[in-house]
Amino acid sequence: MRADMLTSVLTELNGTSGDIEASAVISTDGLTIASVLPAGMDEDRVGAMSAAMLSLGDRTAQELARGRLEQVLIKGEKGYVLMTYAGAESVLTVLAKPNAKLGLIFLDVKRAAASIADFL
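Conventions used here
Residues numbered from 1 in each chain as written. Predicted model: local features only at pLDDT ≥ 70, side-chain atom pairs only at ≥ 80, totals over all residues. Heavy atoms only, no water. Salt bridge = Lys/Arg side-chain N within 4 Å of Asp/Glu carboxyl O. Helix = DSSP H or I, 4+ residues; strand = E, 2+ residues; numbered from the N terminus. Expected span 1.5 Å × (residues − 1). Buried < 20%, exposed > 50% of the residue type's maximum accessible area, 1.4 Å probe, protein only. Arc of directions from axis to C-beta. Axes fitted to C-alpha atoms, helices over the stretch in contact; angles between N-to-C directions. Parallel < 35°, antiparallel > 145°, perpendicular 65-115°, else oblique. Contact = heavy atoms within 4.5 Å. Nonpolar A, V, L, I, M, F, W, Y, C, P; charged D, E, K, R; others polar. Pairing = 2+ DSSP bridges. Polar contact = N/O pair within 3.5 Å; in protein donor to acceptor, adjacent residues only side chain to side chain.

## Here's the deal with the pattern of salt bridges
Line of reasoning, step 1. Considering all chains together, one arrives at 1 salt bridge under this definition.
Line of reasoning, step 2. Between Arg 59 and Glu 63 there is a salt bridge whose closest N-O contact spans 3.2 Å. Residue Arg 59 and its partner Glu 63 are both found in helix α2 (residues 43-63); the two are separated by 4 residues, about one turn of the helix.

## Concerning helix α3 (residues 102-119)
Line of reasoning, step 1. Between its first and last C-alpha, α3 extends 25 Å over 18 residues, near the 26 Å set by a 1.5 Å rise per residue.
Line of reasoning, step 2. Listing the buried residues of α3 in full gives Ile 105, Asp 108, Val 109, Ala 112, Ala 113 and Ile 116. Burial along α3 is one-sided: seen end-on, the buried residues are contained in an arc of 140 degrees. Exposed residues pointing more than 90 degrees away from the buried face of α3 are listed as Gly 103, Leu 104, Lys 110, Arg 111 and Asp 118.

## A word on the packing of helix α1 (residues 2-16) against α3
Line of reasoning, step 1. Viewed as axis vectors pointing N to C, α1 and α3 meet at an angle of 175 degrees, and their least axial separation amounts to 10 Å. Viewed along their axes, α1 and α3 adopt a mutual orientation that is roughly antiparallel. Note on element contacts: α3 touches α1 through Asp 108, Val 109, Ala 112, Ser 115, Ile 116 and Phe 119, opposite Arg 2, Met 5, Leu 6, Val 9, Leu 10, Leu 13 and Thr 16.
Line of reasoning, step 2. Partitioning the contact of α1 with α3 into residue classes produces 9 nonpolar, 2 polar and 2 charged.

## Section: the sheet that holds strand β3 (residues 71-76)
Paired through their backbone hydrogen bonds, the strands of a sheet run either parallel or antiparallel.
Line of reasoning, step 1. Strands sit in the order β2-β1-β5-β4-β3 across an open sheet of 5 strands; the sheet is antiparallel. Every interior strand has two partners, whereas the edge strands, β2 (32-36) and β3, have only one. Each neighbouring strand pair of the sheet contributes to a mean axis angle of 10 degrees, computed without reference to strand direction.
Line of reasoning, step 2. Of the pairings in the sheet, the one linking strand β1 (residues 20-27) to β2 comprises 4 bridges and is antiparallel in character. Note on β2: the bridge partner recorded for Val 25 is Ala 34.
Line of reasoning, step 3. Here α1 sits on the sheet in contact with β1, β2 and β5 (90-96), set at roughly 35 degrees to β2.

## Looking at unusual backbone geometry
Line of reasoning, step 1. Positioned with a positive phi, Ala 65 is a non-glycine residue whose angle comes to about 55 degrees.
Line of reasoning, step 2. Relative to the helices and strands, Ala 65 resides in the loop between α2 and β3.
Line of reasoning, step 3. Assessed through its relative accessible area of 59%, Ala 65 is described here as exposed.

## Topic: the side chain of Thr 93
Line of reasoning, step 1. Take Thr 93: it is sitting in strand β5.
Line of reasoning, step 2. Thr 93 sits in the buried class, given a relative accessible area of 3%.
Line of reasoning, step 3. At 2.8 Å, the side chain of Thr 93 and the side chain of Ser 50 are in polar contact.
Line of reasoning, step 4. With sequence-adjacent residues up to four places away left out, Thr 93 is seen in contact with Ala 22, Ser 23, Ala 24, Ile 26, Val 46, Ser 50, Val 81, Leu 82 and Met 83.

## Some thoughts on the environment of Gln 71
Line of reasoning, step 1. Relative to the elements of secondary structure, Gln 71 occurs in strand β3.
Line of reasoning, step 2. Separated by 34 residues in the primary sequence, Gln 71 and Leu 37 place their C-alpha atoms 20 Å from one another.
Line of reasoning, step 3. Gln 71 has contacts with Leu 82, Met 83, Thr 84 and Phe 106, leaving out every residue within four places of it along the chain.

Here it is in structure tokens:
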């Protein structure tokens, strides 16, 4: 039931912008809770990479006195990966196209993360 509600939030998030290609809710230890990923994308790999990057981002923000981590943004030639906390023990990971309008995506992701945090 909870996974269905989370999948619904992810499906809505993916539908808000044609620039969002995939999304997933992942526990901070790397286990995928819910996902809306394209065929052929390994959700275990997405989960593990998200948890690793978030952990590194947390450590970096602490060590460099930047305060509490809000999000991690990775830009590659084929697009973006955005990770943000969705509650204390989960992460929302979003994959976006290279020409994405990041301001709108940040807003949509923030709203989705708040909804996910309420469910969890």
